[in-house]
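Spelled out, the chains give:
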Amino acid sequence: LVTRSKGGLRLLDQHTKRETIISTLLPGNIGYWRLPSFTPEKSWGDLDVQLDQWNNTQDFQGIVLDLRSNSEIDNFSEYVGATQVAAFFARDHKVPFSMSGSLSIVPVISFHPTHPYHGPMVVLIDRDTGSAAEALAAYLKSQGALLVGQSSNGTGSVYDEKVLSTGQILLYEV
């Protein structure tokens, strides 16, 4: 269960399970990655191999990244995951984006795709797309992706966490 307050605090159960990235090839040879969080079902390397195989298919049409309802809290691991996804589509091998403001985060990407994908891309967003996913969508748009859906929710805040004696995790906006 996730409990939220309007004052920039969130309380999570320590055992809250996050959904994983799911990928499949749709009819018409269109790749589809569902990213409800930035935790791959497979490893980043497996996703790299899969995207490379799709891209080397003669009639591969493009990829759809589904970021709808991805409003994971901007703790460091989610931000690093979003940066990792961005690396699959970056035009260079530098950090694709960083968050600035009162707290500046420059994540280290531990895995670089063999061949970043530069073909047609559609990014699905909705009003429940926020935080790191929102930053990723903006970055991908700057790389030529077409954003489709509703306006995102504008919750690009960064949170830090403290584990409480109850086992719950208190996330507070920094």
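Read on for an overview of the structure. (Residues numbered from 1 in each chain as written. Predicted model: local features only at pLDDT ≥ 70, side-chain atom pairs only at ≥ 80, totals over all residues. Heavy atoms only, no water.)

**Let's talk about unusual backbone geometry**
Non-glycine residue asparagine 29 carries a positive phi angle of around 55°. Its location among the elements puts asparagine 29 in the loop between strand S3 (22-26) and strand S4 (30-34). With a phi angle near 65°, serine 69 is a residue other than glycine that sits in the positive phi range. Locating serine 69 in the fold gives a position in the loop between strand S5 (62-66) and helix H2 (76-87). (Helix = DSSP H or I, 4+ residues; strand = E, 2+ residues; numbered from the N terminus.)

**As for the pattern of salt bridges**
Tallied over the full model, the rule gives two salt bridges. Residues aspartate 66 and arginine 34 are paired through a salt bridge, measuring 3.5 Å at the closest nitrogen-oxygen approach. Taken as a pair, aspartate 66 in strand S5 and arginine 34 in strand S4 lie far apart in primary sequence, 32 residues in all. Given a relative accessible area of 0%, aspartate 66 falls into the buried group. (Salt bridge = Lys/Arg side-chain N within 4 Å of Asp/Glu carboxyl O. Buried < 20%, exposed > 50% of the residue type's maximum accessible area, 1.4 Å probe, protein only.)

**Some remarks on helix H1 (residues 44-55)**
Here H1 contains 12 residues, and its C-alpha end-to-end distance of 16 Å stays within 8% of the 16 Å for a straight helix at 1.5 Å per residue. All buried positions along H1 are accounted for by Trp44, Leu47, Asp48, Gln50, Leu51, Asp52 and Trp54. (Expected span 1.5 Å × (residues − 1).)

**Describing the sheet that holds S3**
Strand order across the open sheet formed by five strands is S3-S4-S5-S6-S7, with mixed pairing between neighbours. Both edges of this open sheet fall to S3 and strand S7 (146-149), since each of them pairs with a single strand only. Averaged over all pairs of adjacent strands, the angle between strand axes in this sheet comes to 20°, irrespective of strand direction. Strand contacts of helix H3 (residues 131-142): S5, strand S6 (121-125) and S7, with the helix running at about 150° to S6, the strand carrying the most contacts. (Pairing = 2+ DSSP bridges. Axes fitted to C-alpha atoms, helices over the stretch in contact; angles between N-to-C directions. Contact = heavy atoms within 4.5 Å.)

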